[in-house]
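Residue-level structure breakdown
Listed below are the residues making up each chain.
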Amino acid sequence: MTKEQALLIEGGKRLNGTVRCSGAKNSILPLVAAAIAVRDVVTFQNVPDIADLRSLLELITAMGITVVSFKDGELTLDSRGPIEPRVENTNGYSLRGTQTMVGALLAREHRAMLPSLGGCSIGARPIDLHIKGLRAMGTSFEWKDGYLVGQAAALKACDVYLDFPSVGATENLLLAAALAEGTTRVFNAAQEPEVYDLISFLNKAGARIVPVFPFGFRIEGVGQLHGTSHRIIGDRIEAGTLMIATAITQGESTITGIDARHIWSVIAKLRETGANVDVQGDDAIVVQGVEGYRSTDIRTLTFPGYPTDAQPQMISYLTLARGNSVVVESIFENRFGAILELERMGARIKVTEETAIIEGVESLNSATVQAKDLRGGAALVLAGLAAHGTTTVKSLRHIDRGYEALDAKLCQLGASITRVDREEG
Ligand code: UD1
């Protein structure tokens, strides 16, 4: 038995009010890696206090980086001293967010050692594209004693074509190329807002990275980078989650701290179901849910398509829509982990390989359900908000990995959620 936290959610409360998004989880993790390559003092603002970041900070401290301070959303790191270019596997828990450490360490130390990667169990998640690109830049890789060891006497610029626009591979190549000799071009590169956030930081630190049409980047290597400060973008997936939470409870909320262009696909899909969504100014979205909303179909895609990270939450919403919805997951092969749990709450969903067919039902009932991954866990919380009775969502650690106080933010909007300790087998 282990001690775990769970959420007790009393369903049926309409969300109402204003809530602010935290900074993006998928920005801060690669940005911390980038700070290592900078070899100077850097400060980030709008930093989310999430468990994945706390784990990452422990890992980089063990490597020799100084966490000068982390308070009120501001994180200062000092990477001037000598470091050990090896990421440890702490508590048997290796962190997916360390994947961009490879490019950063190769850029800085010409050597990187990484344990096999963790993160959500939503698919095989290989790193062959990262390795292929970094090899083309002159890195040799081998597996030694459970570590992937990369070594490059000198990183050399080249043209890289990614077979798939992988976010992590693109970020690794940007980091490696920023300090390589010559000009690297990456084609079919990821276009996610967090990739542009990384570029914006690197360019402030002295890198020379420009987008090339279509979907590529040109990186002119520089001799060194320098310290700077950077405010990270709002978390579009958190915004999407809060938007869907509002819609599923037929409430009305204003979500601030988010650039609506980063989450347009979710706005569009909510509108298709009949919900009202308005964009206000540069950083606020107003969502008004409606009773008897319609079904819709979704296919997850790379940005600006519908994000895979907001797919489970949308499935929860569609369980209560009028009619049948079809959701196709095209990015990760194992991302329907929450569906079995939703079925225990009365949802009717049929899954065949990468497709889920959701038959809308009148209502969901409460149940004790288990979060199995980050976004699937959030999806169960949303279902709990709409269900009759009190739903228990177990294994909260998955949700805390990537959401900053999701329960507190929902309570701020009027939800009735209690966080409790419990024994889990
Ligand atoms: C990042 C995000 C994650 C999001 C995902 C897709 C971070 C820390 N995580 O993950 O939240 O769900 O983007 O938007 O930013 N692939 C390969 N070979 C590779 C790399 C990837 O086959 O070398 C495949 C993956 O298995 C997956 C797809 O490409 O099927 C997308 O992966 P990728 O874009 O790399 O996602 P991550 O960077 O891991």
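If you're wondering where the values come from, they're calculated on a predicted model, not measured in any experiment.

Each value, and the rule that gives it
Residues numbered from 1 in each chain as written. Predicted model: local features only at pLDDT ≥ 70, side-chain atom pairs only at ≥ 80, totals over all residues. Heavy atoms only, no water. Axes fitted to C-alpha atoms, helices over the stretch in contact; angles between N-to-C directions. Helix = DSSP H or I, 4+ residues; strand = E, 2+ residues; numbered from the N terminus. Parallel < 35°, antiparallel > 145°, perpendicular 65-115°, else oblique. Contact = heavy atoms within 4.5 Å. Nonpolar A, V, L, I, M, F, W, Y, C, P; charged D, E, K, R; others polar. Domains from an automatic or database assignment. Buried area = accessible area lost by both parts, 1.4 Å probe. Salt bridge = Lys/Arg side-chain N within 4 Å of Asp/Glu carboxyl O. Polar contact = N/O pair within 3.5 Å; in protein donor to acceptor, adjacent residues only side chain to side chain. 1 Å grid on protein atoms, 1.4 Å probe; cavity = no way out; pocket = protein on both sides within 12 Å on 5 of 7 lines; lining within 4 Å. Points joined across faces, edges and corners; volume = space filled by probe spheres on them.

**Details of the packing of helix α3 (residues 101–109) against helix α5 (residues 167–178)**
- Relative orientation of the contacting elements α3 and α5 amounts to 10 degrees, with a least axis distance of 7 Å. Considering their axes alone, α3 and α5 lie roughly parallel with respect to each other. Between α3 and α5, the contacting residues are M101, V102, G103, A104 and A107 on the first element and N172, L175 and A176 on the second.
- Within the contact of α3 with α5, the residues separate by chemical class into 6 nonpolar, 2 polar and no charged.

**Description of the domain arrangement of the chain**
- Entries for the chain in the domain assignment read domain 1 (2–22 + 234–424) and domain 2 (25–231).
- Here domain 1 and domain 2 have C-alpha centroids that lie 30 Å from each other.
- With 23 residues of domain 1 in contact, the opposing surface of domain 2 contributes 24 residues.
- The junction of domain 1 with domain 2 conceals about 1900 Å² of combined surface from both sides, 52% of it contributed by carbon and sulfur atoms.
- Where domain 1 packs against domain 2, one counts 2 salt bridges.
- Between D52 and R401 there is a salt bridge whose closest N-O contact spans 3.0 Å.
- Applying the counting rule to domain 1 against domain 2 returns 6 residue pairs in polar contact (both at pLDDT 80 or more).
- At the level of secondary structure, the elements contributing two or more residues to the side of domain 1 that touches domain 2 comprise α11 (374–386) and α12 (397–402).
- The element contributing the most residues to the side of domain 1 that touches domain 2 is α12, with 3 residues.

**A closer look at the layout of surface pockets**
- Approximately 410 Å³ is the volume attributed to the second largest pocket.
- As for the second largest pocket, its lining consists of 19 residues, of which Q250, L320, E362, S363 and A386 are closest to the centre.
- Split into classes, the residues belonging to the lining of the second largest pocket amount to 8 nonpolar, 7 polar and 4 charged.

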